[in-house]
Amino acid sequence: MLIKKAADIASSEITSKSLYLNRRKFLAGSAALGAAALAGVGVHSLASPPLVEANAKIDGLQKSPFSTTENVTPFKDVASYNNYYEFSTDKYEPASLARNFKTRPWTVKIDGLVKKKLELDVDSIMKMAAPEERIYRHRCVEGWSIVVPWVGFSLSELIKRAEPLGKAKFVEFTTLYDPGQMPGQRRDVLRWPYVEGLRMDEAMHPLALLCFGMYGEVLPNQNGAPLRIVLPWKYGFKSAKAIVRVRFVENQPVNTWQQSAPQEYGFYSNVNPNVDHPRWSQARERRLGEFGKRPTLMFNGYDQVAGLYSGMDLRKNY
Ligand SMILES: Nc1nc2c(c(=O)[nH]1)N[C@H]1C(S)=C(S)[C@@H](COP(=O)(O)O)O[C@H]1N2
Ligand SMILES: [Mo]
């Protein structure tokens, strides 16, 4: 039943994002005006503080050949419309609920089938390689998409340091478990902590990004600070946020959404317009801020990953 609940929230979100955003702005504006008129004070003093605050700049960004030239989605949309169930199943709430989330000190444990088990401070991870700006398309399984200039470098840079053993066939990522800070974890909407996984060759693919920033700045908390992964050819839920553990394993991990609703969410979850979600089509998508829908591309347009799946039936391995 809990599964159904989470999924229903998802399907109700497919339409009219931009309309909703505009309506919210309008309502906020008229409420403030009304209250201001009553109280006889300026509108500005009544407005709530901005949910999206400026973050520290990240210097020395290299451009990436993987970047798309499509229009970038405005920062305010990407930072205020989030799937982050540890905070809330509502998409507008993580921005405010995550505002005081503590991202320092932050340690990432790297263990399992590796030659070198590591416990690394996030600030030292960020210095492992030159930061790049990668403008990626992002496709949520719920039917919306965005274009984001992420900051980070290839996940392979981190993986190499741990020297995985030959037996390591998969990588598992675990999000922080801290119900004191993450109110969504006080509810059973998913099994906590959030876990995601990749096959080793997927994780080593140069497109797989270890991400700590966006729009030239440190990642906002609601977008997965201090460290997340971004996998542009897969549905959004594979890109786990607030990672505290990277574990190398022999067998395919059970990722959280697969555990929650296996007939709806598979392990691979490559963007695939030819395989419908059991309750809705995946053939089209709505870019946040746009009105019409556009066709969804196989692998979200990242054809360079196709070789990873040659010989696999992607209907079975959805
Ligand atoms: N830990 C964690 N990671 C998560 C999620 C989540 O609920 N918890 N949601 C996923 C989903 S469904 C999407 S679409 C993306 C959204 O990332 P964004 O908020 O940066 O757009 O985060 C993914 N990573
Ligand atoms: Mo998503």
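Being a predicted model, the structure only gives us computed values, none of them experimental. (Residues numbered from 1 in each chain as written. Chains lettered and ligands numbered in written order. Predicted model: local features only at pLDDT ≥ 70, side-chain atom pairs only at ≥ 80, totals over all residues. Heavy atoms only, no water.)

Undergrad: Honestly, the sheet that holds strand β2 (residues 107-112) in this entry has me stumped. Any pointers?
TA: Two strands in a sheet stick together by hydrogen bonds in their backbones, pointing the same way (parallel) or opposite ways (antiparallel). One open sheet accounts for five strands, arranged β3-β2-β11-β6-β7; its pairing is mixed. Each of the sheet's edge strands pairs with one partner strand only, and the pair in question is β3 (118-121) and β7 (195-199). Each strand of the sheet is rotated relative to its neighbour by a mean of 15°, with strand direction disregarded. Here five bridges tie strand β6 (residues 170-175) to β7, and the two strands are oriented antiparallel to one another. Within β7, the residue paired with T174 across the bridge is V195. (Pairing = 2+ DSSP bridges. Helix = DSSP H or I, 4+ residues; strand = E, 2+ residues; numbered from the N terminus. Axes fitted to C-alpha atoms, helices over the stretch in contact; angles between N-to-C directions.)

Undergrad: How should the nonpolar core be read in this particular structure?
TA: One broad trend across soluble globular proteins is that nonpolar side chains are buried collectively. Ranked by internal contacts, the top residues of the largest apolar core, which has 85 residues, are I110, W150, L155, W233, V246 and F248. When sequence neighbours within four positions are dropped, the list of residues in contact with I110 reads K116, K117, L118, L120, L158, A162, V246 and F248. (Core = buried A, V, L, I, M, F, W, Y, C linked by side-chain atoms within 4.5 Å. Buried < 20%, exposed > 50% of the residue type's maximum accessible area, 1.4 Å probe, protein only. Contact = heavy atoms within 4.5 Å.)

Undergrad: Explanation requested: empty space enclosed by the protein in the structure shown.
TA: For the structure shown, the criterion picks out one cavity of 30 Å³ or more. Within the residue set of the lining of the largest cavity, elements represented by two or more residues are α4 (75-78) and β5 (144-154). Looking at the lining of the largest cavity element by element, the count peaks at three residues for β5. For the lining of the largest cavity, the per-class residue count stands at 17 nonpolar, seven polar and five charged. (1 Å grid on protein atoms, 1.4 Å probe; cavity = no way out; pocket = protein on both sides within 12 Å on 5 of 7 lines; lining within 4 Å. Points joined across faces, edges and corners; volume = space filled by probe spheres on them. Nonpolar A, V, L, I, M, F, W, Y, C, P; charged D, E, K, R; others polar.)

Undergrad: In this structure, what is going on with unusual backbone geometry? I would like to understand it.
TA: Note: most peptide bonds trans; most residues except glycine with negative phi. Between W192 and P193 the backbone carries a cis peptide bond, its omega angle lying at -5°. Its location among the elements puts P193 in the loop between β6 and β7. For the peptide bond that leads from A225 to P226, omega is 0°, which places it in the cis range. For E163, which is not a glycine, the phi torsion comes out positive at approximately 50°. Mapped onto the elements of the fold, E163 is located in the loop between α7 (156-162) and β6. Looking at E163, the relative accessible area reads 30%, which means it is partly exposed. We note that F299 has phi near 55°; this positive angle belongs to a residue other than glycine. Tracing the backbone through its elements, the reader meets F299 in the segment after β13 (294-295). Relative accessible area serves as the criterion here: at 6%, F299 is assigned to the buried category.

Undergrad: So what exactly am I meant to see when it comes to the site of ligand 1 here?
TA: Looking at ligand 1, there are 19 residues lining it, with Y85, E86, R228, S239 and K241 nearest. N82 is positioned with one of its side-chain polar atoms (N or O) 2.9 Å from an oxygen atom of ligand 1. Within the backbone of N83, an N or O atom sits 3.1 Å from a nitrogen atom of ligand 1. When isolated, ligand 1 has an accessible area of 540 Å², and the protein chains bury 99% of it. (Near = heavy atom within 4 Å. Polar contact = N/O pair within 3.5 Å; in protein donor to acceptor, adjacent residues only side chain to side chain. Areas by Shrake-Rupley, 256 points an atom, 1.4 Å probe, with all protein chains shown as cover.)

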